[in-house]
Amino acid sequence: DTDTAHKTPVTLLGLGDMGAALARTWLAAGHPLTVWNRTPSKAEPLQAYGARVAATPAEAVAASPLVIACLLDDASVEDALKDAELAGKDLVNLTTGTPGEGRARRGWAERRGARFLDGGIMAVPPMIGVPESGGYVFYSGSGALYEEHRATLSVPAGAVYAGEDAGHAALLDVALLSAMTGMFAGITHAFSLVRGEAGKEGEEGISLGEFGRLLADWLGAMSASTGEMAAQLESGDFTQGVVSNLAMMVQGNETLLRTAREQGVSTELLTPYTDLMRERLDAGHPDEGTAGTVDLLRR
Ligand code: FVH
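- As named in an unreviewed UniProt entry, the chain is NAD(P)-dependent oxidoreductase, taken from Streptomyces boncukensis.
- Its UniProt record, at the heading Sequence similarities (unreviewed entry), says of the chain: "Belongs to the HIBADH-related family."

Here you go:
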């Protein structure tokens, strides 16, 4: 249904890679769209596609009840909106920030008379407007705003409401991104280990393509451990349902470190986590899994 008369008008501030992808989905779904970007040339392709282009953020904000910001960082949101009249507006901030920035931005918006929702986008631009990609956005802040605009917010990607605390969308976003970063570190180390063998001839060598597939399968199988850890943290019994105990894992990690040295690979990515596991083991917890390391980080 692309009948624009019944669709909420949307203002979008920021036409970087993500903002441009978001804009196309609202236009395709028939929402009247007003856009603004600091560098005006980025708005031209969207203007040809039906977007109205505002000359200033204040003009863009005035055009619609629902204002979306998708800018570089929190400072750029403040910068862009400093002269805009926000009273009576619904402001949704899809700019990545910290939980503290989300909470402070809510207070800032409410003092200007706007309702506020913070968002954390769990997608890259090619996933926007592609429901089967699995991309979604965490939202937190004004539940009333979320309920009123849920359908419009669900156009670019799935929408998941994480509650009234405006910091929670950013916290969930950053927690998932942090886990991803740790996974990338592990993948980097693994490829470093086998890379020296990849150049060898025929059956003497290891195919990096085949290794990549093995790695994907293994990481998928191991991801089930997230449920085990969550259950242990909730019950407080860190030995509950343990499949691999800490004493064995610390011993096993010595083999990982010795293998790295044999292969001429730095242990700098593995050592900190191994040290943390050993600290928990030395405190007298050989039968636990790794849940005990969670609170060691909270210091
Ligand atoms: N792209 C991605 O893969 C990730 C996926 C997850 C979510 N992130 C976050 O989304 C925000 C925007 O990301 P982006 O990919 O659109 O970023 P850029 O292409 O670098 O565009 C940045 C836009 O911000 C404008 N901008 C920067 N500083 C200011 C400022 N002081 N005042 C006003 N606008 C500013 C910039 O304008 P211009 O350079 O074109 O003039 C772009 O519109 C971001 O938080 C990601 O973490 C994306």
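Next, the rest of the story.
1. Concerning the overall build of the chain
Move 1: Each helix and strand counted, the chain has 12 helices and 8 strands in total.
Move 2: Over its C-alpha atoms the chain spans a radius of gyration of 24 Å, topping by over 25% the 19 Å that the globule rule assigns to 299 residues.
Move 3: Taking the principal axes of its C-alpha atoms as reference, the chain extends roughly 65 × 50 × 35 Å.
Move 4: Across the 299 residues that make up the chain, the buried fraction comes to 32%.
Move 5: Residue pairs at least 24 apart in sequence account for 60% of intrachain contacts in the chain once pairs closer than 6 positions are excluded.

2. Some remarks on the UniProt feature "domain: 6-phosphogluconate dehydrogenase NADP-binding" (unreviewed entry) in the chain
Move 1: Here, the residues flagged by UniProt with the feature "domain: 6-phosphogluconate dehydrogenase NADP-binding" (unreviewed entry) are residues 10-122.
Move 2: As annotated, residues 10-122 comprises 40% helix and 23% strand, and the C-alpha atoms at either end are separated by 21 Å.

3. Considering the nonpolar core
Move 1: Counting 52 residues, the largest nonpolar core has Leu12, Ala23, Val35, Ile68 and Ala69 as the members making the most contacts within it.
Move 2: Broken down by element, the residue count for this core peaks at 7 residues, all from helix H1 (residues 17-28).
Move 3: Sequence-distant contacts of Ala23, defined by excluding residues within four places in its chain, comprise Leu12, Leu15, Leu33, Val35, Leu46 and Ala51.

4. Let's talk about the pairing of strand E1 (residues 10-13)
Across a regular strand the side chains alternate sides, sitting on one face of the sheet and then on the other.
Move 1: Of the two faces of E1, the one carrying Val10 and Leu12 and the one carrying Thr11 and Leu13 are both buried.
Move 2: Looking at chain direction, E1 and strand E2 (residues 33-36) are connected through 4 bridges and run parallel. Along E2, the bridge assignment pairs Thr11 with Thr34.
Move 3: Crossover handedness for the path E1 to H1 to E2: right-handed.
Move 4: Pairing geometry for E1 and strand E4 (residues 66-69), over 4 bridges, is parallel. For Thr11, the partnering residue across the bridge sits in E4 and is Val67.

5. Topic: the site of the ligand
Move 1: Close to the ligand lie 21 residues; Gly16, Arg38, Thr39, Ser76 and Thr96 are nearest.
Move 2: Where the shell around the ligand is concerned, the elements lending two or more residues are H1 and helix H4 (74-81).
Move 3: A class-by-class count of the residues in the shell around the ligand yields 9 nonpolar, 8 polar and 4 charged.

6. Brief notes about the domain arrangement of the chain
Move 1: Domain assignment breaks the chain into domain 1 (4-165) and domain 2 (172-297).
Move 2: A straight line from the C-alpha centre of domain 1 to that of domain 2 covers 38 Å.

7. Remarks on the environment of Glu262
Move 1: Following the sequence through the fold, Glu262 ends up in helix H10 (residues 246-262).
Move 2: For Glu262 and Gly102, which are 160 residues apart along the polypeptide, the C-alpha to C-alpha distance reads 47 Å.

8. A look at the sheet that holds E2
Move 1: In spatial order, the strands read E3-E2-E1-E4-E5-E6-E7-E8; together these 8 strands make up an open sheet with mixed pairing. Each end of this open sheet is capped by a strand with a single partner; those strands are strand E3 (52-53) and strand E8 (158-161).
Move 2: Packed on one face of the sheet, helix H6 (residues 143-153) meets E1, E4, strand E5 (90-93), strand E6 (115-122), strand E7 (136-141) and E8 and runs near 45° to E6.

9. A few points about H6
Move 1: Among all positions in H6, only Leu145, Tyr146, His149, Thr152 and Leu153 are buried. Buried positions in H6, seen along its axis, are confined to an arc of 110° and lie on one side of it. In this structure, H6 carries Ala144, Glu147, Arg150 and Ala151 as exposed residues pointing more than 90 degrees from its buried face.
Move 2: Elements in contact with the buried residues of H6: E1, E4, E5, E6, E7 and E8.

About the cut-offs
- Residues numbered from 1 in each chain as written.
- Predicted model: local features only at pLDDT ≥ 70, side-chain atom pairs only at ≥ 80, totals over all residues.
- UniProt positions renumbered as here; feature names shortened; annotations may be inferred.
- Helix = DSSP H or I, 4+ residues; strand = E, 2+ residues; numbered from the N terminus.
- Rg over C-alpha atoms; globule rule 2.2 N^0.38 Å.
- Buried ≥ 20, exposed ≤ 12 C-beta atoms within 10 Å, placed from the backbone.
- Contact = placed C-beta atoms within 7 Å.
- Core = buried A, V, L, I, M, F, W, Y, C linked by C-beta atoms within 7 Å.
- Pairing = 2+ DSSP bridges.
- Right-handed = clockwise from strand over helix to strand, strands pointing away.
- Near = placed C-beta within 6 Å.
- Nonpolar A, V, L, I, M, F, W, Y, C, P; charged D, E, K, R; others polar.
- Domains from an automatic or database assignment.
- Axes fitted to C-alpha atoms, helices over the stretch in contact; angles between N-to-C directions.
- Arc of directions from axis to C-beta.

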